[in-house]
Amino acid sequence: MCGIVAYIGTRPARPLLIEGLKRLEYRGYDSAGVAVLDPSTKPAKIQLAKAVGRVGNLEERLEGTTWQGTVGIAHTRWASHGGVTETNAHPHTDDHAGIALIHNGIIENYSVLRKYLEQKGHTFVSETDTEVLTMLIGELYDPANGVDLEAAVQGALREVTGAYAIAVICKQEPDVIVAARKGSPLIVGIGNGEYIVASDPQAIIAHTAQAMTLDDYNVVKITRDGFRTSTIDNVEVTPKVLELESELDEIDLGGYEHYMQKEIFEQPAALRNTLRGRLDMKDGRVVLGGVSAFAKDLVRARRFIMIAQGTALHAAMVAEYLFEELARMPTECEYASEFRYRNPIVDEGTVVVAVSQSGETADTLAALNEAQDRGALSLGVVNVVGSTIARETDAGVYLRVGPEIGVASTKAFTGQLAVLTMLSLFLARRKLMSPEAAAKLQDELADIPNKIEHALGLAPEIKQITERYIQHENWLFLGRGVNYPVALEGALKLKEISYIHAEGMPVAEMTHGPIALINDGMPVVFIANQGAQYDKVLNNIAEVRARGGHVIAVATEGDRHIRTMAEDVIYVPPCSEALSPMLTVVPLQLMAYYAAVARGHDVDKPRNLAKSVTIE
Ligand code: G6P
């Protein structure tokens, strides 16, 4: 989703800002822009350029121009209000005070504010909510009467409802950046005599590992000599400073063609990290430092509610089975976007688990806050360290899978499964599971990274199988039990990057309608590994074959019988059913990847998608 980078320091701002935008490209966007203050005139001049499409287009636009200046802001936009046009791209400027602003989020009351500002004589050029906020700051800006940029930003933000992360510059104050946030991520990298404001650590870590986080309604005024953090009501606050963890080489392609490919193949190493130090074989106990202080509350809890969106929801859906099956803990799983608006029943004894790679998904965060207000104990299962959900939950477990850049989530999914499996064992062992049974599952869990490695060895075969079917525009993915959410995930992966229409569903649901779709050659992917309901899955495979569908089965190594049932078989190593999603999803990730490559799509920057959805 939209990306923010702003710089104040002693180095030329423009190249640094462009480089920062490139680091944010993976988030998904459709236009880009940059503004740098030229201090050689008084007041300073705002040098501004925007372009539709890639950051590369913006660079082309800038070719042959030289800009002065060491203070600037830059943005990648993912259109919400107003189409994808250069005019709607950020930075936006006001018509009076010389303000330029970039914004992530949505100003909900923008139409009322726009009317008010139009009555005051302001003329708008774009259709965006962002221009309204820019104009409002300009309207309030009155340095002669003590309303400097910081005060004008505070004043404007007191008037707006909605979500924002913003960075603002003003030609009358050429040595200042003002930034603020509410409901959208924003951090400030602290360098040596320089500061980089960004919506994502990736734009900062090349320059400094030290950063401060802002809470909602915080405003920060930054100069080269330091900063002042306050609330929108101008009450001074002390910001939290943290060390950014990401290593730069983790976000380089390292010989792979795409981030998604790299992240799929990284899964064995990523999961070893997730599991490291957390499995205590002797005693059959899972060691989760981030939740151990709440162990008693978790064991005594009456029910768990998992909230998430997208891929994270699919991981949570697997966990719903595991929590009930292994720990006998009543568990529900719901789209955060639905949960937050339906007056949910959250009584004492409810634990809410927010599952999120980024830790910034707007709906997940809002649902979490809703549950917290109603008294739930909250846990985060999050990848990005220091993200909002990680900070706002009572306790949690990090995925530790490293930065995920590919928009289609892969290693975060298996990381979420590993963490949620450990959480279910954490509870199960304390509630009812014998040390022996728990140790046995832990043993198997520890071996999952090796088995994923093995499954990845079939990549060339999976590529060949996939390429045989890519001309088909409709696919089905079917699974049962813990592999039903994996079927949903397989369909989602294929949709996201290959733009093939795919549906995932429980195997038995097929007969209740979707079977009508099956015609000659339609690819139907069955997750048919050995498990409690294997025989039932075989029956459904027969039904699909009888109607001319092409069956691709993900099956357990050693299962010869399935070869007589399905046209194509992709084998994964045997393992307990509860752990199987971490294996069965791997071929589906690879199928989606190879389908997208074969269809010539930009795998890491799929159309219309964003890595982290920070608006509703
Ligand atoms: C977006 C991404 C998905 C992701 C979902 C939830 O839709 O494109 O890949 O699964 O958001 O994101 P989160 O960061 O909360 O896991």
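Bear in mind that the values here come from a model prediction, so they are computed numbers and not experimental data. (Residues numbered from 1 in each chain as written. Predicted model: local features only at pLDDT ≥ 70, side-chain atom pairs only at ≥ 80, totals over all residues. Heavy atoms only, no water.)

Draft legend 1. Spotlight on the packing of helix H7 (residues 267-275) against helix H14 (residues 435-456). Following both chains from N to C, one finds H7 and H14 inclined at 175°, their axes separated by 8 Å at the closest point. Classified by the angle between their axes, H7 and H14 sit roughly antiparallel to one another. Every residue of H14 that contacts H7 at Gln 267, Pro 268, Leu 271, Arg 272 and Leu 275 is listed here: Leu 445, Ala 446, Ile 448, Pro 449, Asn 450, Ile 452, Glu 453 and Leu 456. In terms of residue class, the contact of H7 with H14 is built from 9 nonpolar, 2 polar and 2 charged. (Axes fitted to C-alpha atoms, helices over the stretch in contact; angles between N-to-C directions. Helix = DSSP H or I, 4+ residues; strand = E, 2+ residues; numbered from the N terminus. Parallel < 35°, antiparallel > 145°, perpendicular 65-115°, else oblique. Contact = heavy atoms within 4.5 Å. Nonpolar A, V, L, I, M, F, W, Y, C, P; charged D, E, K, R; others polar.)

Draft legend 2. Quick look at the site of the ligand. Lining the immediate environment of the ligand, one finds 14 residues, of which Ser 356, Gln 357, Ser 358, Thr 361 and Ala 610 sit closest. Here an oxygen atom of the ligand sits 2.6 Å away from a polar atom, N or O, in the side chain of Ser 358. Burial of the ligand by the protein amounts to 90% of the accessible area it has alone, namely 390 Å². Residues that form the shell around the ligand fall into these classes: 4 nonpolar, 8 polar and 2 charged. (Near = heavy atom within 4 Å. Polar contact = N/O pair within 3.5 Å; in protein donor to acceptor, adjacent residues only side chain to side chain. Areas by Shrake-Rupley, 256 points an atom, 1.4 Å probe, with all protein chains shown as cover.)

Draft legend 3. Highlighting the pairing of strand S11 (residues 210-213). Taken together, the 3 bridges between strand S9 (residues 187-190) and S11 define a ladder with antiparallel strand orientation. Residue pairing in the sheet places Val 188 in a bridge with Met 212 of S11. Across 4 bridges, the pairing between S11 and strand S14 (residues 240-243) is antiparallel. Along S14, the bridge assignment pairs Thr 213 with Lys 240. (Pairing = 2+ DSSP bridges.)

Draft legend 4. The pattern of salt bridges, seen in detail. Applying the stated criterion to the full structure yields 28 salt bridges. With a shortest N-O distance of 3.6 Å, Lys 120 and Glu 139 are connected by a salt bridge. Taken as a pair, Lys 120 in the loop between helix H3 (110-119) and helix H4 (129-140) and Glu 139 in helix H4 lie far apart in primary sequence, 19 residues in all. For Lys 120, a relative accessible area of 47% translates into the label partly exposed. The network of salt bridges with common partners includes Glu 150, Arg 228 and Glu 236. (Salt bridge = Lys/Arg side-chain N within 4 Å of Asp/Glu carboxyl O. Buried < 20%, exposed > 50% of the residue type's maximum accessible area, 1.4 Å probe, protein only.)

Draft legend 5. Highlighting the sheet that holds strand S25 (residues 550-556). Strand order in the open sheet formed by 5 strands is S23-S22-S24-S25-S26, with parallel pairing between adjacent strands. Looking along the sheet, the strands with just one partner apiece sit at the ends: strand S23 (501-506) and strand S26 (568-572). With strand direction ignored, the average angle separating the axes of adjacent strands in the sheet is 20°.

Draft legend 6. Main features of the nonpolar core. Counting residues in hydrophobic clusters, the biggest one holds 98 residues, and the most contacted among them are Phe 304 and Trp 475. Looking at which domains feed residues into this core, each of domain 2 (253-455) and domain 3 (457-601) supplies at least three. Those residues in contact with Trp 475 that lie beyond four places of it in its chain are Tyr 469, Leu 494, Ile 500, His 501, Ala 502, Glu 503, Met 522, Pro 523, Val 525, Ile 552 and Met 591. With 28 residues, the next largest nonpolar core counts Leu 117, Tyr 164, Ile 166 and Val 168 among its residues. (Core = buried A, V, L, I, M, F, W, Y, C linked by side-chain atoms within 4.5 Å. Domains from an automatic or database assignment.)

Draft legend 7. Here's a closer look at the pairing of S9. Alternating residues of S9 divide into Ile 187 and Gly 189 and Val 188 and Ile 190, and every residue in both groups is buried. Pairing geometry for S9 and strand S10 (residues 195-198), over 4 bridges, is antiparallel. Bridged to Gly 189 within S10 is Ile 196. If you look at the hairpin formed by S9 and S10, you'll find 4 residues sitting between the two strands, and Gly 193 has a positive phi there, around 70°.

Draft legend 8. Looking closely at the domain arrangement of the chain. Once the domains are mapped, the chain shows domain 1 (3-244), domain 2 (253-455) and domain 3 (457-601). Computed over C-alpha atoms, the centres of domain 2 and domain 3 are 25 Å apart. On the domain 3 side, the residues contacting the 32 residues of domain 2 number 31 residues. Approximately 2,800 Å² of surface area, both sides summed, lies buried where domain 2 meets domain 3, with 72% of it carried by carbon and sulfur atoms. Per-residue buried area on domain 2 facing domain 3 is highest for His 314, Tyr 321 and Ala 455; these three make up 20% of the total on that side. Run the count over domain 2 and domain 3 and you get 15 residue pairs in polar contact (both at pLDDT 80 or more). Mapped onto the side of domain 2 that touches domain 3, the elements with two or more residues apiece are helix H6 (259-265), H7, helix H9 (310-327), helix H13 (411-431) and H14. Broken down by element, the residue count for the side of domain 2 that touches domain 3 peaks at 9 residues, all from H14. (Buried area = accessible area lost by both parts, 1.4 Å probe.)

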